[in-house]
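# A closer look at the structure
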Amino acid sequence: MIDIESKVYSSVRAAILAKYPKCYVADAILNAPPSYPCVYIVEADNTNYRRTADSSGNEHDAEVLYVIEIYSNKVGGVRNGKVIPGKKAECKDIAAIADDTMLELGFNRTMLNQIPNEKDATIYRMVGRYDA
């Protein structure tokens, strides 16, 4: 099996933490993260690319799918006449960082959307899917 999960995870994690050092980043989805913002980077699929297998059936390439979930509960608003971005802006900024990194790694974004967080409506959630 071709396994690039640790490279993808560490690259995206490093890029996010460079700007958001207190962000909780994990490679497995938890029911309740210990803090926000929170990002999950998960390899959702890893399939043998049969067209490039040799006559012995040895794998030379793989098709992979990664899901990145971003959560924020940041309270925005206006303080002392200054606009403070909230949870939506924070999610979008983190999503842009993850997206840039995934594209640099050669992935194709197939989806990046806001998804309602059914467990807690005070938390903004974005989900991206990337394949290569």
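Residues numbered from 1 in each chain as written. Predicted model: local features only at pLDDT ≥ 70, side-chain atom pairs only at ≥ 80, totals over all residues. Heavy atoms only, no water.

## Focus on the nonpolar core
By size, the foremost hydrophobic cluster in this structure holds 23 residues, and its most contacted members are Val12, Ile16, Val39, Ile68, Ile70 and Met102. Where this core is concerned, the elements lending two or more residues are helix H1 (5-19), strand E2 (38-48), strand E3 (62-72), helix H2 (87-104) and strand E7 (124-131). Once residues within four sequence positions are removed from consideration, Ile70 is found in contact with Cys38, Val39, Cys91, Ile94, Ala95, Tyr124, Arg125 and Met126. (Core = buried A, V, L, I, M, F, W, Y, C linked by side-chain atoms within 4.5 Å. Buried < 20%, exposed > 50% of the residue type's maximum accessible area, 1.4 Å probe, protein only. Helix = DSSP H or I, 4+ residues; strand = E, 2+ residues; numbered from the N terminus. Contact = heavy atoms within 4.5 Å.)

## Description of the confidence of the model for the chain
Per-chain confidence: the chain averages 90 in pLDDT, with 91% of residues scoring 70 or above. Predicted confidence in the chain is weakest over strand E4 (residues 77-79), with a mean pLDDT of 88, and strongest over strand E1 (residues 24-26), with 98. (pLDDT = per-residue confidence, 0-100.)

## Overview of H2
Along an α-helix, residues three or four apart share an orientation, since each turn contains 3.6 residues. Here H2 is 18 residues long and its end C-alpha atoms lie 26 Å apart, about the 26 Å a rise of 1.5 Å per residue gives. When H2 is considered as a whole, its buried residues turn out to be Glu90, Cys91, Ile94, Ala95, Ile97, Ala98, Asp99, Thr101 and Met102. Of the surrounding secondary structure, the elements contacted by the buried residues of H2 are H1, E2, E3, strand E6 (108-114) and E7. Looking one or two residues past H2, Gly106 carries a phi angle of roughly 95°, positive in sign. (Expected span 1.5 Å × (residues − 1).)

## A look at the environment of Met1
Mapped onto the elements, Met1 comes out in the segment before H1. Classification of Met1 as exposed rests on a relative accessible area of 73%. Between the C-alpha atoms of Met1 and Asn46, which are 45 residues apart in sequence, the distance is 8.3 Å.

## Regarding the pattern of salt bridges
This structure, assessed with the given rule, holds three salt bridges. Of the charged contacts, one joins Arg125 and Glu69 as a salt bridge, the two residues approaching to 3.3 Å between their closest N and O atoms. You can see Arg125 sitting in strand E7 and its partner Glu69 sitting in strand E3, a full 56 residues away along the chain. Arg109 is paired through a salt bridge with Asp99; the nearest N and O atoms lie 2.7 Å apart. Taken together, the residues Arg109 in strand E6 and Asp99 in helix H2 connect sequence positions 10 residues apart. (Salt bridge = Lys/Arg side-chain N within 4 Å of Asp/Glu carboxyl O.)

## Examining the side chain of Ser72
Among the structural elements, Ser72 can be located in strand E3. Of note is the side chain of Ser72, whose polar atom sits 3.2 Å from the backbone nitrogen of Lys74. For Ser72, the contacting residues outside a window of four places in its chain are Tyr36, Lys87, Glu90, Cys91, Thr122, Ile123 and Tyr124. (Polar contact = N/O pair within 3.5 Å; in protein donor to acceptor, adjacent residues only side chain to side chain.)

## Considerations on the layout of surface pockets
Its volume calculated, the largest pocket comes out at about 240 Å³. Residue lining of the largest pocket: 15 residues in total, with Leu30, Asn31, Tyr71, Asn117 and Lys119 positioned closest to the centre. Partitioning the lining of the largest pocket into residue classes produces eight nonpolar, two polar and five charged. (1 Å grid on protein atoms, 1.4 Å probe; cavity = no way out; pocket = protein on both sides within 12 Å on 5 of 7 lines; lining within 4 Å. Points joined across faces, edges and corners; volume = space filled by probe spheres on them. Nonpolar A, V, L, I, M, F, W, Y, C, P; charged D, E, K, R; others polar.)

## Some details on H1
With 15 residues, H1 extends 22 Å from end C-alpha to end C-alpha; this agrees with the ideal 21 Å at 1.5 Å per step. Against the buried residues of H1 lie E1, E2, E3 and H2.

## Some details on the sheet that holds E2
Strand pairing in a sheet takes place through backbone hydrogen bonds and is either antiparallel or parallel in direction. Reading across the sheet, the five strands line up as E1-E2-E3-E7-E6 and stay open at both edges, with mixed pairing between neighbours. Of all strands in the sheet, those bounded by a partner on one side alone are E1 and E6. Pairs of neighbouring strands in the sheet enclose a mean axial angle of 15°, with direction left out of account. Of the strand pairs in this sheet, E1 and E2 are connected by three bridges, and their pairing is parallel. Note that in E2 the partner of Ala26 across the bridge is Tyr40. (Pairing = 2+ DSSP bridges. Axes fitted to C-alpha atoms, helices over the stretch in contact; angles between N-to-C directions.)

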